[in-house]
Structure formats: C-alpha cells, structure tokens
Amino acid sequence: MSRRMISLLARFDVKPEECDRFVALLRAHTVASRGEPGCLAFELLRERENPTRFAAWEVFADAASREAHRHT
C-alpha cells in the first residue's frame, strides 16, 4: 500500500469585528498542529484585497496523520 500526502485548503469568510479573534484562535491551532506527527505544513493565509477572507492550508504525510489530527 502506498502512502500519499494529503493536502487540504479550507476557506473562511469572517465578520470584520471577529477577525482579530479568529486570527488568534487559528494561530494557536496552527502552532499546535505543526507539532503533530505527520503534519508537514499548516499555514494561515489572509487575502490582501479582502482582509476578512482567510484560508487554512494543511499538508499531512498520509491519511492516518490527517485522521489523527481530525480527532485533536
């Protein structure tokens, strides 16, 4: 059985008054996730043209690593 990396991209549209809170929460989650076994990348991105739109980009070594992350 071959192992395939798993890459996910989730987009978030955040209310302007909630952006600071959202960034703080996602940054904490990003730092914790990067330390998980099998997490190859976890980035929080923010659009320049629309600063209330964000994306979380995650890359895991394989499906098992992604599934373990999902349960954290």
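Calculation notes
Residues numbered from 1 in each chain as written. Predicted model: local features only at pLDDT ≥ 70, side-chain atom pairs only at ≥ 80, totals over all residues. Heavy atoms only, no water. Helix = DSSP H or I, 4+ residues; strand = E, 2+ residues; numbered from the N terminus. Contact = heavy atoms within 4.5 Å. Salt bridge = Lys/Arg side-chain N within 4 Å of Asp/Glu carboxyl O. Buried < 20%, exposed > 50% of the residue type's maximum accessible area, 1.4 Å probe, protein only.

Draft legend 1. The environment of Pro 51, seen in detail. By the secondary structure assignment, Pro 51 is in the loop between β2 (39-46) and β3 (53-60). Spatially, the C-alpha atom of Pro 51 lies 8.4 Å from that of Cys 19, the residues being 32 residues apart in sequence. Those residues in contact with Pro 51 that lie beyond four places of it in its chain are Cys 19 and Arg 46.

Draft legend 2. Representation of the pattern of salt bridges. Considering all chains together, one arrives at five salt bridges under this definition. Residues Arg 21 and Glu 18 are paired through a salt bridge, measuring 3.0 Å at the closest nitrogen-oxygen approach. The exposed category is assigned to Arg 21, whose relative accessible area is 55%. The exposure class assigned to Glu 18 is partly exposed, which follows from its relative accessible area of 30%. A salt bridge links Glu 47 to Arg 53; the nearest nitrogen and oxygen atoms lie 3.9 Å apart. A single salt-bridge network, built from bridges that share partners, covers Arg 11, Asp 13, Glu 47 and Arg 53.

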